[in-house]
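For reference, the chains in residue letters:
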Amino acid sequence: MDPNIPRKHSFMTGVPFLGRGRALQPQELALGRSRVLPATEAPRVGLARGFLPSDNTPPGRGVTLPVSQTVFGRARGLLSQLDVGEVAGRARGLLLPSLEPQVGLARGTLLTSLEPPPGRTPGSGATAQKPTETPSTKEVDLPDNDGTLVSMMRGIGVDPSMATWGRGNIPLGRGPAVDAGTVTIQAAPVGVTSNLESFGKPEEVMGRGSSFGARGLSLQTMAGLGRAAPPQLGPGRGRAVLCSLPQSPVKSSPVVAVEQQTALSVTSSATAPKPLELPASEPEDTAVKTEVVRESLNKTGTKGCPIEIASNHVPICCQNKAVYQYHVTFSPNVESMGMRFGMMKEHRPTTGEVVAFDGSILYLPMKLDDVALKSVRLTDQEEIQIQIRMTKILPPSSDLCLPFYNVVVRRVMKMLGLKLVGRNHYNPESAVILGKHRLQVWPGYATCIKHTDGGLYFCVDVSHKVLRNDSVLDVMNVLFQESKQNFHDECAKELVGSIVITRYNNRTYRIDDIEWDKSPNDTFPLMDGTKTTFVDYYHKNYGITIKEMNQPLLVHRPKERSKPGGKQIITGEILIVPELSFLTGIPEKMKSNMKLMKDLTMHINASSEQHTQSIGKLLKNISTKPECVKEFGRWGLKISSEILLMKGRTLPMENICMKSSSFSSGTDGRWSNKVVRDASISSVPLNNWAIFYAQRCAAEAEELSNVFIKLSGPMGVKVGRPRLVPMKNDYTDTYVKSIHAQVTSEPDLQLVVCIVTGNRDDLYGAIKKLCCVQNPIPSQVVNVRTISQPQKLKSVAQMILLQINGKLGGELWTVNVPLKLLMVVGVDVHHDATKRNRSVMGFVASMNSALTRWYSRVTFQGPGQEVIDGFRECFVEALRQYYEVNHSFPEKIVVYRDGVSEGQVAMVEQFEIPQLIKCFQNIGNYEPKMVFILVQKRINTTLYTRVSNTFSTPPPGTILDHTLTKRDWVDFYLLAHSIRHGCGVPTHYICLYNTVNLPVDHLQRLTFKMCHLYWNFPGTVRVPAPCKYAHKLAYLAGQYLRAQPALQLADKLFFL
Amino acid sequence: MFSPPLHRQRHQFVVDFVNKNKPQKVADLGCSECTLLMKLKFHRDIELLVGVDIDGAKLKKKWQGLGPLSTDYLQPSYYQLRIELYQGSVTQKDARLRGFDLVTSVELIEHLTLADLGQFSDVVFGYMIPAVAIISTPNAEFNTLLPGLTGFRHHDHKFEWTRAEFQSWALGVALQYGYEVEFTGVGPAPLGQQDAVGFCTQIGVFRRLRQRPSCRAVFGVDVEELFSYELLYSITYPSLRDNNTLRKFLVAEVLCFAEELKQRWMEERMAASDGSLLQTEGGAEAHQAASGQRVEARENPTACGPEDENLMGQRGLGLFMTQEEANQGAQEESPSVHRFVAVPLASLWTSPKVSALSGSLRNLRHFLMEEPTVRLSQDGSAVMLKEEDLDEGSFHAEDGDYGEANQCSQPPEQGEEWEASV
């Protein structure tokens, strides 16, 4: 603690912090991990088997939450928050980032210490400087004096040598004193910990092999000892987790909750570690701690044939032993970040040239003994003391290092002459110009450095940027020619949401609006306060003459964010001159142009071979450029010259079941010819249906109905003669009126088929809106183009017939899932690109054990609204529906959740899952088991397979569940679909919650099975069918309906 | 104290000079982190921009910023720019820096010892012999107005001159090497003190006299070719003066415009045929109809020749349909694949962009003939475009879901695969 700060700071409320501990014992490779999670709501939620109802804990009393259970995968005692004062919601989930765990090496060579939280001002951080305080204490100011705190710890233990694993959850709660409000909580990480004074005991514990002891190291200036609670013993290998909380300066007793958890395989004898007495004072010299690489969770399955797999990841070898983290204190305090950087720069002779400094935390590739430096503040000539104190020794692969490694990567890409557009680097020299469409395609790379289970990797994805040849002004001119009346609207439609790059810098901006009342002759204020016009500004600074004075300005509204390290917040709009900016990306209009997309994908869809070649080229360029190699070398990084090769597996093929036959899905994962040879599982007789068409398509309509009737026999569907409804023209209005009239006059009508011409988004939308919202009835829109070729008509009609059957509630095919009373749920979210409309969540849940009946719902979210509100509602509704159909609730629920961005994973884990579990409470006496799996399709991992030195795409069913997997989760990559063009981007699945105890193998196979069930395509698809359905539903609702579809349709796949 | 800051004012002085005098070859001696070069690179009258500094590390620090911007590749200009950075000392000669239109050395000479300064004048004025040299240095008389300053403004300064000292040096040099010099500066003194103190930074603008007394040949053959500088970086900006670039862009423009003309023409044709023909049932009929149309269309080009440009837009675009004889027999299945729409070059010429890029019709033809991706008619008077086969872009129902397997940054979402609505 900064000496200048009055002592009373330590009498503020303590805060739970995120701690992560692990221990690595060389012989045993035992490790543990713990996590402390704060919660927001008062009710306590135990996420494991025992689900505890919410209750208010009396203030000042301890609570123990014992939750124990055998879990495969991960169990989690979800933490909760004890609402201590009478005021609900008083609790504050404060989380201090990145408090690193204490780690003890078995031999006691352990160093413990506190890592100062980054970004904190020196004034309030750095508690470790006080000898009397424990290294792991964090204190922060809270506005009110009594805080309520709960922390939850989760521990895991892995014994890789046994190939079994488990994870213990330790909910650790503490009720602080209400009357005083000064609480210090210390949560000790799980892990083998030792320190100089208690050296003997941990050793004893560890002597038993795979057992863990965790302690709260607590040192109080006043009260002294922490307490340790003995763990409960579970069957099998015992893992003892001990946590203790210190006493706070005021009277309040600590709460200890211990949960213990066992691994799957019960092997060695249980060991109960003894509670450890904590030393009354911590030696001062344990200030520096060492972060050790954690072992990965056990998440590898065994089923399937081995296959050699390569990926777009390049191993990185770390030549340095460690990266050293230092805390830099300026005294007297220097507020200005710029000045801090400047002062550190002066001391390069001491620190060396290779530094990463964020204003208070300094990383160096070399070891510095604690140093005190001096600088003179130029503004007032005051002498500033700079103290550089080592806080931690990091392994070179530490997550903390990744940000500045990525800076190195960006620098190297620049050195290679690649241009930064958005976040990726492209090579305009080898641009492909698609003259016909006024587009350019630039080849390039998306690069980053990742730390996965296998270590540190340089991830290179081949990327292509599509750019327009024309300036935004040119595009506007074209739009003006096309529609003079709606010019403003058309411009907004075309431009808002697009990304532009400018003529004068390399930045990209998203267009958020168009300012029609401004022109380049308008003025804007410069940094120094003077005003200048856009015309003058660009002429003076960039020598650019703006030619068109009568153009509006584009508006970009940056997201609110603070400048790095500083307090200043960047706000306000940025105005961009259309003449000086170029659009990037594929224009919305062109996306429906099949020909263009074909041209584009030809260039963009690189095969695996092209992919690996282009990655190889980059690696060669790097290795042959000494300055690039040197740049990496500054941090001791050495990039391998080859991409990563490893062993994956191909899951066995599935059997597709139809009404009276079943067949293997085939090596290419497609069964389009087989699916029409046998009858579907069930078909809805189509007796009463109508075809709507414009007069000029009469022949096609007639032909289509004939073909349907002819084909229906072999496919096992009964199709009667349709009512032919010709219309005099093909206006949208005519369609809508005709359909409406027909549907209202004939309530028994089963299906509406519309034959349309051309790309008519508006017409499609109008028909769907009518048939899904106003007059609920299944509808099928057919473009005349697809049925006008006689030689293709048969196969197209077969597919349409299947699709219609699906929409009417028929069942096409299924695969065998050997789980009883199972409900599979799929969720996806559709966001409007222009951000003008609300986001839509599509929700689909299976209603029978064959997974052939689905219940679907849609919810809309306003800006800032969380997905979970609608999610919960849909979930309850689906459960109710399931009960109605099956007269029982599902015992097992598997949720596939798509549409979660990388940054939201923690949110889903901490809030969404507990909220879902809460739904079960509403139904009395119901405790189903649940698996919650996140589905991520947009990832930059690519998989190849290598056959005799050439790379190709892996077959459908390829699984990768090690090396590239995330260290914190049970996850795997599954490539389910077969790829004809392009290369293999697998889908990433993260299992966040698993109380069904599904083994990894089953988890993977269930997911693969789900990829077989998308009825719109007789083959395997990228994501599980429920997700795909949810996606399709959300897209339809968000893009066309903009409203909740009628509930009458909810039990059919009307959106197919 | 100054607004904008003095270092920017110095650079702005040079930029203003460049704007006014439009030199083509410019060198900045002692360019340090290339700040001035970064401003100058936007002034496209400059064709060669060179930076020299003795500190290679400093040069390397920011040089990435000197490269072309992404947009320079999207719409290359006619201007040509090449940037080169050298590591070397201004007291040494290098033949690559001779014959420049402008050489600047901003706040450089005060870092040289007086002996080196002599060498410097010899190298710059006696060897490089630029048309204009701009040399700036601190004005020592102004130092009294700088608060808290004792000694020199920078610890590395070897001297700081008064106006008189600078002027006497400059005049001496000018006399010796045949230059005239004009004195000015940036950073004026507070009101009323300008005469007594002068500018904070004094600047001498040296202009080579036309009649040079010691007229050794400027690029004399007798002068040894010296290469004492090390070239660290060089970049050539994309420019339409480069024939490859020009052809690439011209072809793109031609194809785009030709496609547009074709589209218009086909629509007009459709509108016309809609009246006469009711509904084309199969491929055969459509074929016949098109052939009939072809005869009509054939007459058009003569009717509206290039002499009657006004009619082009209204009566016809001068396009006509043609067929490839050779392939016709082979594939009767899909006759449309081998039908072409001919777009006369004269029609293409009406696009302002095409005409601006190619300069003349002859050039246009010449460019297009060299380009393998463009198909010209036999006499080279028209660009042949495949008649759009409406079904060519159609998709197989099976492929629908694989659109998203694409690797592009924004995967194109394809429409429903069986429900061909989009």
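Residues numbered from 1 in each chain as written. Chains lettered and ligands numbered in written order. Predicted model: local features only at pLDDT ≥ 70, side-chain atom pairs only at ≥ 80, totals over all residues. Heavy atoms only, no water.

Focus on the overall build of chain B
For chain B, the count of helices and strands is 14 helices and 11 strands. Across the 422 residues of chain B, 51% fall into the buried class. Taking all contacts inside chain B whose residues are at least 6 apart in sequence as the whole, residues at least 24 apart take part in 73%. For chain B, the accessible surface area stands at approximately 20,200 Å², while carbon and sulfur atoms represent 52% of it. (Helix = DSSP H or I, 4+ residues; strand = E, 2+ residues; numbered from the N terminus. Buried < 20%, exposed > 50% of the residue type's maximum accessible area, 1.4 Å probe, protein only. Contact = heavy atoms within 4.5 Å. Areas by Shrake-Rupley, 256 points an atom, 1.4 Å probe, with all protein chains shown as cover.)

Overview of the nonpolar core
As a rule of thumb, soluble globular proteins bury nonpolar side chains together. Residue and element names in this part refer to chain A. Core analysis: the largest hydrophobic core is formed by 107 residues, its most contacted members being Tyr896 and Tyr1029. With 10 residues, helix 20 (residues 1025-1041) is the single largest residue contributor to this core. Beyond its immediate stretch of four places on either side in the chain, Tyr1029 contacts Val844, Trp854, Leu1013, Tyr1014, Trp1015, Leu1053, Phe1055 and Leu1056. Residues Ile316, Val323, Leu402 and Cys628 belong to the second largest nonpolar core, which totals 39 residues. (Core = buried A, V, L, I, M, F, W, Y, C linked by side-chain atoms within 4.5 Å.)

Notes on the sheet that holds strand 7 (residues 305-311) of chain A
Residues and elements named next belong to chain A. With mixed pairing, the 12 strands of this open sheet are ordered in space as 39-38-37-40-41-46-45-44-30-7-42-43. Each end of this open sheet is capped by a strand with a single partner; those strands are strand 39 (854-861) and strand 43 (950-952). The mean angle between the axes of side-by-side strands here comes to 30 degrees, regardless of whether they run parallel or antiparallel. Summarising the sheet, strand 30 (residues 645-650) and strand 44 (residues 958-960) pair through 2 bridges and their orientation is antiparallel. Looking at strand 44, one finds that Arg649 is bridged to Ile959. Each of strand 42 (943-947) and strand 43 touches helix 9 (residues 608-624); the most contacted strand, strand 43, lies at about 120 degrees to it. (Pairing = 2+ DSSP bridges. Axes fitted to C-alpha atoms, helices over the stretch in contact; angles between N-to-C directions.)

A word on the packing of aromatic side chains
How two aromatic rings sit relative to each other is given by the distance of their centres and the angle of their planes. Going through the model one piece at a time under the given rule, you end up with 44 aromatic pairs over all chains. The rings of Phe125, Phe159, Trp161, Phe166, Trp169, Tyr177, Tyr179, Phe183 and Phe206 of chain B are connected pair by pair, giving a single aromatic cluster. The ring of Phe480 of chain A has Lys484 of chain A sitting right over it, with the charged end atom 5.5 Å from the ring centre. Taking the ring centre of Phe42 of chain B as reference, the NZ or CZ of Lys41 of chain B above it sits at 5.2 Å. (Phe/Tyr/Trp six-rings, centres within 6.5 Å; stacked < 30°, edge-to-face > 60°. Lys NZ or Arg CZ within 6 Å of the ring centre and 35° of its normal.)

Things to note about the environment of Gln904 of chain A
Mapped onto the elements of the fold, Gln904 of chain A is located in the loop between strand 40 (892-897) and helix 18 (905-922). The partly exposed category is assigned to Gln904 of chain A, whose relative accessible area is 33%.

Re the pattern of salt bridges
All names here are of chain A. In total, this model carries 42 salt bridges over all chains according to the counting rule given. Across the salt bridge formed by Lys1009 and Glu654, the nearest N and O atoms sit 2.8 Å from each other. In this pair, Lys1009 is assigned in helix 19 (residues 1000-1010) and Glu654 in the loop between strand 30 and strand 31 (655-657), connecting sequence segments 355 residues apart. For the pair Lys1009 and Glu654, one class covers both residues: buried. (Salt bridge = Lys/Arg side-chain N within 4 Å of Asp/Glu carboxyl O.)

A word on the environment of Gln910 of chain A
All names here are of chain A. With respect to the element layout, Gln910 can be found in helix 18. Classification of Gln910 by relative accessible area gives partly exposed; the value is 22%. Taking the C-alpha atoms as reference points, Gln910 and Leu992, 82 residues apart in sequence, are found 9.9 Å from one another.

Observations concerning the pairing of strand 9 (residues 323-331) of chain A
Residues and elements named next belong to chain A. Most of strand 9 is tucked away: 8 of the 9 residues are buried. For strand 9 and strand 13 (residues 383-394), the ladder comprises 9 bridges, and the chain directions are antiparallel. Looking at the pairing, Tyr326 lines up with Met390 of strand 13.

A word on the layout of surface pockets
Residue and element names in this part refer to chain B. As a volume, the second largest pocket reaches approximately 1,400 Å³. Considering the residues around the second largest pocket, the lining is formed by 39 residues, among which Val106, Glu107, His111, His154 and His157 are closest to the centre. The set of elements that each furnish at least two residues to the lining of the second largest pocket consists of helix 1 (6-21), helix 2 (35-40) and strand 2 (48-53). The element best represented in the lining of the second largest pocket is helix 1, accounting for 4 residues. Residues of the lining of the second largest pocket, tallied by class, amount to 17 nonpolar, 11 polar and 11 charged. (1 Å grid on protein atoms, 1.4 Å probe; cavity = no way out; pocket = protein on both sides within 12 Å on 5 of 7 lines; lining within 4 Å. Points joined across faces, edges and corners; volume = space filled by probe spheres on them. Nonpolar A, V, L, I, M, F, W, Y, C, P; charged D, E, K, R; others polar.)

Some details on helix 5 (residues 114-128) of chain B
Helical periodicity: at 3.6 residues per turn, an α-helix aligns residues three or four positions apart in one direction. All names here are of chain B. Between its first and last C-alpha atoms helix 5 spans 20 Å; for 15 residues at 1.5 Å apiece the expected length is 21 Å, and the two agree. Among the residues of helix 5, Leu117, Phe120, Ser121, Val123, Val124, Phe125, Gly126, Tyr127 and Met128 are the ones counted as buried. Contacts made by the buried residues of helix 5 are with strand 1 (25-29), strand 4 (102-106), strand 5 (132-138), helix 6 (163-177), strand 6 (179-186) and strand 7 (201-208). (Expected span 1.5 Å × (residues − 1).)

Some details on the sheet that holds strand 24 (residues 553-556) of chain A
Residues and elements named next belong to chain A. Ordered in space as 21-24-27, the 3 strands form an open sheet in which the pairing is antiparallel. Sheet topology places strand 21 (513-515) and strand 27 (574-576) at the edges, where each strand pairs with a single neighbour. The sheet shows a mean angle of 35 degrees between the axes of neighbouring strands, direction not considered. The sheet contact formed by strand 24 and strand 27 spans 3 bridges and is antiparallel. What sits directly across from Val555, in strand 27, is Leu575.

A closer look at the pairing of strand 2 of chain B
Residue and element names in this part refer to chain B. The buried fraction of strand 2 is high, at 6 of 6 residues. Where strand 1 and strand 2 come together, 5 bridges link them in parallel fashion. Note that in strand 2 the partner of Lys25 across the bridge is Leu48. For the crossover that starts at strand 1, traverses helix 2 and ends in the parallel strand 2, the hand is right-handed. Two elements, strand 2 and strand 3 (residues 82-87), share 6 bridges in a ladder whose sense is parallel. Following the sheet pairing, Asp53 is matched in strand 3 by Gln87. (Right-handed = clockwise from strand over helix to strand, strands pointing away.)

Some words on unusual backbone geometry
All names here are of chain A. At the junction of Ser331 and Pro332, the peptide bond is cis and its omega measures out at -5 degrees in the coordinates. Here Pro332 lies in the loop between strand 9 and helix 2 (337-346). With phi around 45 degrees, Leu821 is a residue other than glycine that occupies positive phi space. For Leu821, the position within the fold is in the loop between helix 16 (790-808) and strand 37 (822-830). Unusually for a residue other than glycine, His887 sits at a positive phi of about 60 degrees. Looking at the secondary structure, you find His887 in the loop between helix 17 (867-886) and strand 40.

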